Structures are given as structure tokens and as C-alpha cells.
Amino acid sequence: MAFILLIVAFALFYLYMYLGKQGKEIWVRTLPAMAAIPEAVGRCAEMGRPLYWTPGIAGNLNDSTQGPQVLASISILGYIARECVRAGVKIDAFCPIPDALPLVEETLRTAYLAEGRPEEFSKDMITFISGQSPYLTGTLGYFQRERPASTILIGGFYYESVVIGEAGNTIGAFQIGGTNNTHQMPFLIATCDYMLLAEELFAAGASISRDPDLLGSIKGEDILKFIFLGLMTVGFILGLGNVTFLIDLLRM
Amino acid sequence: MSSETIWDKLQNIDRKVFYWILWIGLMIPFIRPIGLPISIAPSTRDLYNGLLTLEEGDVVWINIAFGVSAWIDCMPATVACTKVILRQGAKLIVVGAYTDADLSWDKLRNSVPDFDQLEYGKDYVYLGYYTGGEAVVAQIASDIRSVFPTDAYGTPLDELPLMKEVNSVHDIDMVLSGDTGDWGDYYMRQWASPYGIPMAEIGIAMLASSYMPFYKSGLLFGISSSSRGGAELEKLIGEPGEATVIMDALSVSHLMVIAAVLLANIGYFATRGRRR
Amino acid sequence: MSEVYKRELVYLVTAVITVIMFVEYFFLGTWQLAETLRTYATIIANIALGLGAITLVVSHAKKIQRRAAGVWAFSAWLLIFLAISFLSGLAGWAMTGSGQGNPMYDWFFRYVYTPLGQTLYPITGFYIFSACYRAFRARNIDAALLLIAGCFVILTNAPVGGAIWGGFPIIGRWFLDYGQVPGMRTFLIVGAFGMLAYGFRALLGRERGFYGEVAGGE
Amino acid sequence: MAYPTAPLEVLGLWTGWLLMLMIYSYPLYKENIVFRWAEHTYIAVMLAVNLVMMVTNVNRIAIQPMLQGQIHYIIPIILGLAMYTLLVADYRWISRYPIAVLVGAGFGLGMRGVLIPNLLDQVVSTITPPAGGAAMDWFNFIYIAIGTICAVSYFLLTYEHTGALRYPTRLGRWFIMIGLGAYFGNTVLFRLSMLSGRAQFFLQVLKIIPM
């Protein structure tokens, strides 16, 4: 059944990506967290302070749960970086994952290049600190010394989320959070002004690109959701009557 | 600013005030213990009862997947479980998934006096630190020696009487995983689910929450949650220990949290009308 | 041609490895090739740490060179201490084969590294306390529900809750065992959808944001 | 555990105690010179420990097998070293290859890993009726099923939450909030239990309470 599910999912994603390319209009709900990024950058420009970005520290790129979240965060960094270059805002990227360093550097470099200011890019924008707790102390120290006006905490987080979030609040930073790690969502909600919850994290990069190809896959996801909603509704009604054939089918 | 009332001030209390109250408040119960009674959660009781089904000669695998930083949360339950396991006459294999595994093993070894009556290599073995996530857990299931050719002290496994007949997951009768991260998932997916080996979790509170569905579905026979689970186990074996000692501090700190929440809401509602 | 090496072939490598993982899972159970590739990934991720170390050392060396106000002395201390602890660890390992073979490194490990870890992790206790103060305000129905569920669970976990009123643990346990399930389950489901779609885009080479390319070919 | 007597152990105990105070000076006071010193010390020692672990790990899983004849382990070593081309402008692109291996393994394991536990098991669990006939069991079944259906509908991204979707999505948000609230409450236990441990350590070192 898992294999059928994977095939159905891929077929739906492909179908809607294809339809998107053919010109079918796909509307995607605005994600408030993404819409707030220009505000976050603007605030930094106004106050003349840097913007802090981190993808969290939950795992390496080859970690099945955390890796994709880190990548999604780097995708969003591309967008943030271009906004920052346009507004002349300095980005401080704290990347505690060594294997993601080349991607972060490439992303920032490309953003500066795309905005026609490659000479402004510097490797010093990227800070690497090994280990979760030292990364946390490093961030706390940095917050007090540099006082970034906005912080972007999007990616795979563990316990550092609440500490960074609260420390950001202490210095009055405008904060945008996002994670697919259930265990950290409550803290990012509590400490951030805007938040990308679960799936929104993966869809965020596609939603801002307005690329029909990428938007199509989000539409495909929604159709898949409808299928699941249908399965659950029918299964629930059958369950009320103690009929379990759908369960047996799904367990195949 | 002169019109600022006490409620306005409450809304914007400096965080440092909270931190100091909390820090000092946490210390008081250690100096003057209160000793509030604790009830036993069903998942902890099931863990304890599951351990009591062990028979002499059974082999139990304990995975220490928490660092020294989470000792206070996971170690008391691990210690209590180890006492039960050894008293049932079962054999013990301990492994550690964190870089400071050796320190955790020392702590466990020194906290369970029963070890003194037993013989290393014959009744219990410490295999040491390992890394590699889910893939390595799957690997151990099929061949322990490919991951641990020797124990932590460099002795080849074949020279340890206990390990002579233990080659794979089939020779193990129960697994306990103490976790702050994802290792419990790995053991559930690679050991408990495919081989049906009884498994229980000693986790931090959030893991106890996330693993609840697996306990409900029967994949885990029990869960101990945080130091509270440790204190419950200490009560069940009738030997109050480190977890029981900090229960009072937990009561005080949790009460402080509730008080802070109440204060925040009173302040919020008192000023809401005016803000409108 | 260089674009092929620099980009297209890279996406192909990602796609092929992803597909190998699928083939192993759906058709073979275990596959030596897939296991080997996963071991490769672990080794690569390990070696990459050196890159991070270089980045860190260079950035602190620059601070020292610039005599950056208020930080350069700390950067110098960092580099000195890093060198002492790393070299002592390495020497110990080279002589005994154990990670903690050198007495000096062992002392640093036990009495500097370990207590700092034990100190940093619990620091969240402070922050969660103030986060509760701010998050648990019944500003609207959403926040009120968060507050109610949270408070019942808090009073269930602490022995004092049951001492105040026997109903707290009963209701709190319901929240833990059933009340939270729909929310948590939903995150599992939609998070999985998100990862499937994102992974599928990466598999086709259409999700290039993380390779530094601008999504959508703007 | 008794209070240590060996001089090096006593020194270590007090070092840990002082480092704790230095770190906690940040939340209890503000960013200051002693915190900064502890911060830099920690960054250094953690990196050193991780580098030593890296050397021992790479030696154990790659170099030793290679020396014993499994020559193919040279591949990940070369790929790992290829990461360092990031430091050379003209050859930076080579670092993409090792990353492609990491990303492929991550996505492959991630996507295949969610199908059963995150999707199929969750649906099955949602629609499985209770075995017993107790009213509370049925209430929980209905609560979880309706809650999950509404909460999933909240995440529909390409449909406006109006019309037929208006109420399910709003209700879904409430179910999510209850879940997050319970989770938040549970985490309070974990965090405060650890901080209690530190408060205890503070007193133990000062011999106010026994160790």
C-alpha cells in the first residue's frame, strides 16, 4: 500500500506541475510568514541593524527528518537574501551544520550576484559554530552585541528554539519562525511574530517563487489531502458502524 | 507614563525578575523538603510490570541515548529499571549513543549496588559508544559483532561468556531505550516492529508525549516520562532516589508557572478594556 | 558542457541515490548498495566538520587581526583553547586508541565540556518560564485553548496538582492521551505531504533553491 | 555519589560550578565579560571534542576498513575532502557532489520513512473503532476522528477557507491549539526538571545539601 501511495502522490504532483506549465492558473493562499519577510527586512533597514538567519541544528543533510527542513530553510534564505541586498541590509547567517555551509555560501553569493552587487558578498556573513549548546551561547552573545532587528528561525530545531526565540524577544527583534518538528512548534508560536507550521515550511519557497511548476506540486498536495480527508471521513462513518474493511485494505 | 497602573507594569515585567524568582524558588525544596505523595501513571506501571515478567537468564539490551545533560531526566528511571532487571536474574547489555556514554555508564554502574554482587562479562556487559543512526540499529539487529567487535574495554565479544551466545536481535529478550532524541524511533522501527521484541521507553517528557500512540498501539509495553517517571519507578521498587528528591522542586516550579500564567491573564484582562 | 558538470549531473546524483533508497525499501528489504551509500553519507558528513572548523578558525583569526573591539581577546582565547584541547585529545587517541586517552583532554571533557552541557540544556527552563508568561494569555479562543490544555498538563505532571484537586491529573491525562492527538497527528500527516512534494521536486531537479539557484528561474 | 576528595576532582567540581554561574549570568543579569569568556571556552572545547570524534569515527568506519582491503572506502573519503573545494573559488562547484550524496540519502530515507508511520498508520489509527463499548472510548474515537479531519483541512493551501471549508478549518485550528498546549505543558516538566537538577548541584557543591 505504501508503494501505491507513493506512486499516487508522485502522479498527482507531476500532473499538476504539468498543468501549471500549460498555463492553468493555480492560486495559493498567502502565507503570512512569507508575506512578512519584506517587513522584517524593512525593519532592519530602518534601524540600521543586521538580520539574523539560522536553519536550526537538528541534523545533517543526510538526516531523513531534519535534512529536508534545513534545505527548505536554505531555499527561503535565497529569497530573504535578495530582499536584504536590495534594501542594503546585512545578513548574519548562523549555520551550525557543516555540510550545509557550501549551500548557504552559494545561496548568499548567488543572491548578491543576481542583484548586481557581487562585490558586497563576504564569507564573514556566515558564522559556523559546532555543537548545539555552543551554537546557542554564540547566538545569545551575538544577540546582545549586534542586536539584530529581525530574526528568521526557520528549519529543523531542537531545544534551542525557545532560547533563541525568547532572547530575540528580549532585544525586541521582529521574528519569523518555522519548523516541521512538532516538539518545537509551540515555542516558535509563543516567541515569533509569524510562523510556518509543518507543511507550510516546505511549500514556502515554492509559494513565493510564483513558478507554475512549483505551485503545481502544492496543488497536487492538496488533492492528496482531499483523498486522505475522504478516506478518513468514510472510514470514520464505517467505524461508527464497526465496519473495518477499509482498515484491512489500508493495512495491506 | 504616569498613568501606568500596576496591571500595565505586570504586562511588561522584566524577564530577569522571573528568572531570579524561579532560580531561588527551585532551591528552597531541596533545603526544606515537602514530600508530596505522587501517583503512578498507567504507562509507568506497565513498564514496571513488564520488567517483572523477565526470567532468570533473559537478556536485556539497554540503549543509553541521552547525554550527561539529561541525566536528571532519564537516569533515575534507568537506574530503577536496571535494579529490577538484575533482581529478576536477567543479564544486561548496555550501549551508549552519545559521546559521553562512558560517563553515563559509570554513573549507572555506581548507582546500582546490585552490580557489586555480579560478574562483569558473565552477568552484564558494556559495549560502549556507537554512532550511525537508524542504519546502525538495523545493522546490530542482524549482526552485533559487525558494529561491536569488542566491548568498550577492548575485549573481543567471544571472550565474554555472556556474549558467546548473543549474536543478533534474536538472542535478546527485551530492549529499553533511554532517549532525548530519535533513537527510540530507530529501535521501534528496526527492532520492535519487525522482530516483535518487547520494548519500553525511558524518555524526556516530550518523547513520552510523542510515543504515546505507540504505547497505545502496543508496540511499547511501557513508558517512563522524565524525572516524574523516574520518581514513580523509585516508588514502585520502594527505594526513593534522585528523582524523588527533585519532585518537590518540580511542584514548586510548576506552581510558579501557574502563578505567572494567572498573573499574566489577570493583568491582561484588567488592562484590555482600557486598551480598546 | 561545464553547466552539465556543475548542475545537471549534480541533480542526477541526488535523484539516483533517492531512487536507490526507494528500490531497497519497496523491493529488496536490505540492499548492500544502499547500506554502503548510507555509510558513505555518514563518512562525508563527518569529514565536512573540518570545513566548519576552518570557517570558524578563519573568522576568529580575522577578528584578532582586525583587533576587533571587545572580541579579539576572546577569539584569541578560543583559538588557543581549541588547539590545546584538540591536540591533547588527538595525542591521547594516537597513543591509546581511546577518545579520552589523554589525562588533560579527559579532564577538559569531564569538568569543562560536560558541566557546560549540563548547564546549557537546562537554561531553557528560564526561557520557558517567561515564554509561558507571554504565550499563555487568553487573548482569543486559540490562545485560550492553548492555555487550558497547557495548564492542565502542567498540574498533572507536578505532584502538587493532584494534591490541590484530584481532578487535575484526570483531566490532564486525558489531554495527554487523547486531547493532543488530532493536532499532533495532523502535523505528522501534512508534514509528510510537504516532504513528499518537496522531495519529488528535488528528485526531478525542479527544486534548486537550496543549491543557490533562484527558484522559478527568475 | 559522595563529595569528591581528590584535588583534581574537587578542582573539576568547582570549575563546573563556576562555569554554570558564568553562563547563568546571561539570563540572571546580562551579557557580560564572564559569560563571553565561558561562551568562547565552550565553543572551543565542543569543537575540539567533535573534531576528535570525527577523527576516531572516520578512522573506524572508513580508514580501518580501507586498510583491511575494502578499497572502495576511498570514495567517501575523496568525496568528503571534495567539500573543501568550497575554499577555492574556481573549484567551488565540486563541493556540490558530496552534498548531492547527502541530500539524496536524506530525501530517500525521509520520503520512504514517512509513508507508513506518518500517513497510513495515522489514518488507520484514526478510523479504528474502539474495541470495548465504553461511552468514553467512543467519545475519544469521535473526538480524534473529527479533530484530525478538521485539522488536516486547515492545511489546504490552494483553497480559500470560506464556504464549506470555513467551519472545518476554524475548528481544525482549535484542535491544533489544544495539541500544542498539551505539548507545551509537557515540555515545561522536562525543562524545569533539568533546571531543578542544576539548582540541586549549586547547593551540593556548596555543601548545603549532601551530594
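Residues numbered from 1 in each chain as written. Chains lettered and ligands numbered in written order. Predicted model: local features only at pLDDT ≥ 70, side-chain atom pairs only at ≥ 80, totals over all residues. Heavy atoms only, no water.

1. Looking at the overall build of chain B
(1) Moving on: Tallying secondary structure elements over chain B gives 12 helices and 6 strands in all.
(2) Moving on: For the C-alpha atoms alone, the extent of chain B along its principal axes is close to 80 × 40 × 35 Å.
(3) Moving on: Buried residues in chain B amount to 59% of all 276 residues.
(4) Moving on: Put simply, of all contacts in chain B between residues at least 6 apart along the chain, 72% involve residues at least 24 apart.
(5) Moving on: With an accessible surface of roughly 10,800 Å², chain B has 54% of that area assigned to carbon and sulfur atoms.
(6) Moving on: Computing the positive centroid from 21 side-chain charges and the negative centroid from 32, chain B places the two 15 Å apart. (Helix = DSSP H or I, 4+ residues; strand = E, 2+ residues; numbered from the N terminus. Buried < 20%, exposed > 50% of the residue type's maximum accessible area, 1.4 Å probe, protein only. Contact = heavy atoms within 4.5 Å. Areas by Shrake-Rupley, 256 points an atom, 1.4 Å probe, with all protein chains shown as cover. Lys, Arg positive; Asp, Glu negative; His and termini not counted. Charge placed at Lys NZ, Arg CZ, Asp CG, Glu CD.)

2. Remarks on the overall build of chain D
(1) Moving on: Summing up its helical and strand segments, chain D has 6 helices and 0 strands in all.
(2) Moving on: When the helices and strands of chain D are listed from N to C terminus, the series reads α-α-α-α-α-α.
(3) Moving on: The C-alpha atoms of chain D give 27 Å as radius of gyration, which overshoots the globular expectation for 211 residues (17 Å, by more than 25%).
(4) Moving on: Projected onto the principal axes, the alpha-carbon positions of chain D cover approximately 70 × 60 × 40 Å.
(5) Moving on: Scored against the burial criterion, the 211 residues of chain D give a buried share of 64%.
(6) Moving on: Here chain D displays about 7,800 Å² of accessible surface, and carbon together with sulfur accounts for 69% of that area.
(7) Moving on: Within chain D, the 7 negative side-chain charges are centred at a point lying 4 Å from the centre of the 12 positive side-chain charges. (Rg over C-alpha atoms; globule rule 2.2 N^0.38 Å.)

3. Some points on helix H4 (residues 67-87) of chain A
One turn of the α-helix equals 3.6 residues, which is why residues spaced by three or four share an orientation.
(1) Moving on: The end-to-end C-alpha separation of H4(A) is 30 Å, in line with the 30 Å expected for 21 residues at 1.5 Å each.
(2) Moving on: Taking burial as the measure, the 21 residues of H4(A) include 18 buried ones, the bulk of the element. (Expected span 1.5 Å × (residues − 1).)

4. Here's the deal with the environment of Leu109(D)
(1) Moving on: Summarising the element assignment, Leu109(D) is placed in helix H4 (residues 96-127).
(2) Moving on: Leaving out residues up to four positions away in the same chain, Leu109(D) has contacts with Ser64(A), Met21(C) and Arg38(C).

5. Points about unusual backbone geometry
Negative phi characterises most residues that are not glycine, and trans characterises most peptide bonds.
(1) Moving on: Unlike most non-glycine residues, Arg147(A) shows phi in positive territory, near 45 degrees.
(2) Moving on: Within the secondary structure layout, Arg147(A) lies in the loop between helix H6 (132-146) and strand E4 (150-154).
(3) Moving on: Accessibility expressed as a relative area gives 32% for Arg147(A), which makes it partly exposed.
(4) Moving on: With a phi angle near 60 degrees, Ser226(B) is a residue other than glycine that sits in the positive phi range.
(5) Moving on: Along the chain, Ser226(B) falls in helix H11 (residues 226-236).
(6) Moving on: Overall, the relative accessible area of 1% leaves Ser226(B) in the buried class.

6. Focus on the packing of aromatic side chains
(1) Moving on: Scanning the entire structure with this criterion turns up 68 aromatic pairs over all chains.
(2) Moving on: Considering the side-chain rings of Phe174(A) and Tyr194(A), the 6.0 Å spacing of their centres and the 55 degrees angle between planes classify their relative orientation as tilted. One end of the pair, Phe174(A), is in strand E5 (residues 174-179); the other, Tyr194(A), is in strand E6 (residues 194-197), and 20 residues separate them in sequence.
(3) Moving on: Tyr194(A) sits in the partly exposed class, given a relative accessible area of 29%.
(4) Moving on: Arg137(C) extends its terminal NZ or CZ atom over the ring of Tyr133(C), reaching a point 4.9 Å from the ring centre.
(5) Moving on: In this structure, Arg198(D) packs its charged tip against the face of Phe201(D), placed 4.4 Å from the ring centre. (Phe/Tyr/Trp six-rings, centres within 6.5 Å; stacked < 30°, edge-to-face > 60°. Lys NZ or Arg CZ within 6 Å of the ring centre and 35° of its normal.)

7. Considering the domain arrangement of chain B
(1) Moving on: Each domain of chain B was delimited in the assignment, giving domain 1 (6-32 + 248-275) and domain 2 (42-240).
(2) Moving on: Computed over C-alpha atoms only, the centres of domain 1 of chain B and domain 2 of chain B are separated by 39 Å. (Domains from an automatic or database assignment.)

8. What to know about the sheet that holds E5(A)
Residues and elements named next belong to chain A.
(1) Moving on: The strand order across the open sheet built from 6 strands is E3-E2-E1-E4-E5-E6, with neighbouring strands paired in parallel fashion. Only two strands of the sheet have a single neighbouring strand rather than two, namely strand E3 (126-127) and E6.
(2) Moving on: Both strand E1 (residues 51-54) and E4 contribute to a ladder of 4 bridges, which runs parallel. Bridging from a neighbouring strand, Tyr52 pairs with Thr151 of E4. (Pairing = 2+ DSSP bridges.)

9. Some details on the packing of helix H1 (residues 7-28) of chain D against helix H2 (residues 33-67) of chain D
Residues and elements named next belong to chain D.
(1) Moving on: Interaxial distance between H1 and H2 falls to 8 Å at its minimum, and their mutual angle equals 115 degrees. In this structure, H1 meets H2 at a crossing whose hand is left-handed. Within the contact between the two elements, H1 uses Leu19, Met22, Ile23, Ser25 and Tyr26 and H2 uses Val34, Phe35, Trp37 and Ala38.
(2) Moving on: Of the residues in the contact of H1 with H2, the class split is 8 nonpolar, 1 polar and no charged. (Axes fitted to C-alpha atoms, helices over the stretch in contact; angles between N-to-C directions. Left-handed = near helix turned anticlockwise from the far one by under 90°. Nonpolar A, V, L, I, M, F, W, Y, C, P; charged D, E, K, R; others polar.)

10. Describing the nonpolar core
Residues and elements named next belong to chain B.
(1) Moving on: Among the nonpolar cores identified, the biggest contains 350 residues, and Trp61, Tyr187 and Trp191 are the most heavily contacted of them.
(2) Moving on: The two domains that each donate at least three residues to this core are domain 1 (6-32 + 248-275) and domain 2 (42-240).
(3) Moving on: Those residues in contact with Trp191, other than ones at most four positions away along the chain, are Trp61, Val137, Ile140, Ala141, Val169, Ile172, Val175, Tyr186, Gly196 and Ile197. (Core = buried A, V, L, I, M, F, W, Y, C linked by side-chain atoms within 4.5 Å.)

11. Details of the interface of chain D and chain B
(1) Moving on: Taken together, the contacts link 28 residues of chain D with 32 residues of chain B.
(2) Moving on: In total, chain D and chain B occlude about 2,800 Å² of area from one another, counting both sides; carbon and sulfur atoms represent 75% of this.
(3) Moving on: When the buried area of chain D at its contact with chain B is split by residue, Leu28(D), Leu189(D) and Phe190(D) rank highest and sum to 21% of it.
(4) Moving on: In this assembly, chain D and chain B are joined by 0 salt bridges.
(5) Moving on: Applying the counting criterion to the chain D and chain B interface returns 5 residue pairs in polar contact (both at pLDDT 80 or more).
(6) Moving on: Classifying every residue of the side of chain D that touches chain B by side-chain character gives 18 nonpolar, 7 polar and 3 charged. (Buried area = accessible area lost by both parts, 1.4 Å probe. Salt bridge = Lys/Arg side-chain N within 4 Å of Asp/Glu carboxyl O. Polar contact = N/O pair within 3.5 Å; in protein donor to acceptor, adjacent residues only side chain to side chain.)

12. Section: the confidence of the model for chain B
(1) Moving on: On average, residues of chain B score 89 in pLDDT, and 97% of them reach the 70 mark or higher.
(2) Moving on: The weakest mean pLDDT in chain B belongs to helix H1 (residues 6-11) of chain B at 75; the strongest belongs to strand E1 (residues 59-65) of chain B at 97. (pLDDT = per-residue confidence, 0-100.)

13. A few points about the interface of chain C and chain D
(1) Moving on: Taken together, the contacts link 108 residues of chain C with 108 residues of chain D.
(2) Moving on: Of the roughly 10,300 Å² buried where chain C meets chain D, counting both sides, 80% is carbon and sulfur surface.
(3) Moving on: Together, Ile44(C), Phe74(C) and Arg185(C) form the three largest contributors to the area buried by chain C at its contact with chain D, with a combined 7%.
(4) Moving on: Viewed at the interface, chain D and chain C are joined by 2 salt bridges.
(5) Moving on: A salt bridge links Arg173(D) to Asp142(C); the shortest N-O distance between them is 2.4 Å.
(6) Moving on: Linking chain C with chain D are 21 residue pairs in polar contact (both at pLDDT 80 or more).

14. As for the pattern of salt bridges
(1) Moving on: One pass over the structure, following the stated rule, counts 29 salt bridges over all chains.
(2) Moving on: Ionic pairing is found between Arg38(C) and Glu24(C), a salt bridge with its closest N-O pair at 2.9 Å. In this pair, Arg38(C) is assigned in helix H2 (residues 32-66) and Glu24(C) in helix H1 (residues 2-28), connecting sequence segments 14 residues apart. Glu24(C) carries the same exposure label as Arg38(C), and that label is buried.
(3) Moving on: Between Arg36(D) and Glu31(D) there is a salt bridge, and its shortest N-O distance comes to 3.0 Å.
(4) Moving on: On the accessibility criterion, Arg36(D) (14% relative accessible area) is buried.
(5) Moving on: Since its relative accessible area comes to 12%, Glu31(D) is described here as buried.

15. Some words on H2(D)
All names here are of chain D.
(1) Moving on: The terminal C-alpha atoms of H2, which comprises 35 residues, lie 49 Å apart, in line with the 51 Å expected from a rise of 1.5 Å per residue.
(2) Moving on: Helix geometry: H2 is bent most strongly at Asn59, by close to 45 degrees.
(3) Moving on: For H2, the buried fraction is high: 26 of the 35 residues fall into the buried class.
(4) Moving on: Looking at where H2 begins, the residue whose side-chain oxygen comes 2.9 Å from the main-chain nitrogen of Val34 is Asn32. (Bend = angle between axes of the 7 residues up to and from the residue.)

16. Overview of the side chain of Ser161(A)
All names here are of chain A.
(1) Moving on: With respect to the secondary-structure elements, Ser161 resides in helix H7 (residues 160-170).
(2) Moving on: Its relative accessible area of 0% is what places Ser161 among the buried residues.
(3) Moving on: A polar contact is formed between the side chain of Ser161 and the side chain of Gln184, at a distance of 2.6 Å.
(4) Moving on: In this view, Ser161 contacts Gln184, Phe187 and Leu188; residues no more than four positions away in its chain are not counted.

17. Regarding a nonpolar patch on the surface
All names here are of chain C.
(1) Moving on: Side chains of Val4, Tyr5, Leu9, Leu12 and Val16 sit close together on the surface and give an oily, nonpolar patch of about 400 Å² of accessible area.
(2) Moving on: Counting through the fold element by element, Leu9 comes out in helix H1.
(3) Moving on: Of the residues examined, Leu9 reaches a relative accessible area of 31% and is grouped as partly exposed. (Patch = residues over 30% accessible without salt bridge, like charges linked within 9 Å, V, L, I, M, F, W, Y side chains within 5 Å.)

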